[in-house]
Amino acid sequence: QLDPGEVGLPNVQVSNGREVVLTGEDGSYELPAYDDMNLMLTKPSGYAPPVSADMVPQFAYIHKVKGSPELRFGGLEPTGPLPEAVNFPLIEDAVGSDFNCLIFGDAQAYTNREIGYVRDTAGQMLATADLSNTECLIFAGDIMGEDLSLYTRFKSIIAVGQTPQYYVGGNHDVDFDAEDDKDSFDTFRREWGPEYYSFDIGDVHFVSLDNVRYPCNGVDTHDFCATDARTTYNGMVTDRQLEWLANNLENVPEDKLIVLSAHIPFQTFTDNTAAKHQTDNLDALVDILGDRPVVSLAGHTHTTENIEKGEYFDGWEAATN
């Protein structure tokens, strides 16, 4: 709701998950509408969106006219037609170029008992650490170990840090009873928001991608994705995301640092010959990123790796082109 005299903010990126536009001088925007889309803004530097009681930033309107198919963990309720307007509130939040973000991977709690382990480790750390200079918590997927009903408790534990939480989905966060990839992160979308998005803090452009295609059976050409194989996932960034990313980066200076998060590694030393555990179309992603400075973050392998520019391992070229 607009207060009397409140004005819009110009030159803010808004997207439907494919097209990207900048707001006009009065903060207005227009975009094509799809029956299943995330209407979202890119949080600009110097501003912050509201957060939920559990510190999840509210920068998107999740729109799915007919809702999800029947899913064990509920997915999305039908949203029906779009409202007359979707406005995104922002408040001034001055953050300089010196700030911290904490990166987490694969908490992967399977049971309430294991959520207790999250409480006693990450929760305890966040409750006692000095987070005064910490602007974001980034979770690189596999938040849950397949029981998505535990999201609520996980969320409340991490909220003790009173720091905005940003998530990407992992292969253990999907709706395993989804029959099509377009529905596979619907419960994730309900709890956390878009499965891919961007935001700016200080001098950094953060991009979070969904590179978990589930199910991949009958879609991707790997033997493990065959129609007669067990239903499973594959590392792949969809064409729609690639189109969105290209449009998004048109509004980002070429020399600005990009922090790129996903769940499945783009390339990995640990599983360097395994196509399933790397990103098939990394070459297409690189074509879009070009020579921009990029730091990529991922989870999935349950190991700590630090791969630097120029390093090469057998299997990479075959698995990621």
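Rules used in this analysis
Residues numbered from 1 in each chain as written. Predicted model: local features only at pLDDT ≥ 70, side-chain atom pairs only at ≥ 80, totals over all residues. Heavy atoms only, no water. Helix = DSSP H or I, 4+ residues; strand = E, 2+ residues; numbered from the N terminus. Contact = heavy atoms within 4.5 Å. Buried < 20%, exposed > 50% of the residue type's maximum accessible area, 1.4 Å probe, protein only. Disulfide = S-S within 2.5 Å.

Engineer: Any chance you could explain the environment of Ala-275 here in plain terms?
Structural biologist: Along the polypeptide, Ala-275 turns up in the loop between strand E14 (257-261) and helix H5 (282-289). Excluding anything up to four places from it in sequence, Ala-275 contacts His-222, Phe-224, Asn-234, Asp-280 and Ala-319.

Engineer: Help me out: how do you make sense of unusual backbone geometry in this one?
Structural biologist: Glycine aside, residues mostly have negative phi, and peptide bonds are mostly found in the trans state. Residues Tyr-214 and Pro-215 are joined by a peptide bond in cis, for which omega reads -10°. Within the fold, Pro-215 resides in the loop between strand E12 (212-213) and strand E13 (234-235). The phi angle at Met-55 is positive, at roughly 70°, despite the residue not being glycine. Taking relative accessible area as the criterion, Met-55 reaches 9% and is therefore assigned buried. Not every positive phi belongs to a glycine, and Asp-106 is a case in point at roughly 55°. Looking at the secondary structure, you find Asp-106 in the loop between strand E7 (100-104) and helix H1 (112-128).

Engineer: Sorry, what's going on with the state of the cysteines here?
Structural biologist: By definition, a disulfide links the sulfur atoms of two cysteine residues through a covalent bond. The full count for this structure, using the stated rule, is two disulfides. Here Cys-101 engages in a disulfide with Cys-136; their sulfurs sit 2.0 Å apart. The sign of the S-S torsion, about 110°, decides the handedness of the disulfide formed by Cys-101 and Cys-136: right-handed. You can see Cys-101 sitting in strand E7 and its partner Cys-136 sitting in strand E8 (residues 134-140), a full 35 residues away along the chain. Using a relative accessible area of 22% as the deciding quantity, one classes Cys-101 as partly exposed. The partner cysteine of Cys-216 in its disulfide is Cys-225, sulfur to sulfur 2.1 Å. Residues Cys-216 and Cys-225 are joined through a disulfide that is left-handed, its torsion about the S-S bond being -95°. One exposure class covers both Cys-216 and Cys-225, and it is buried.

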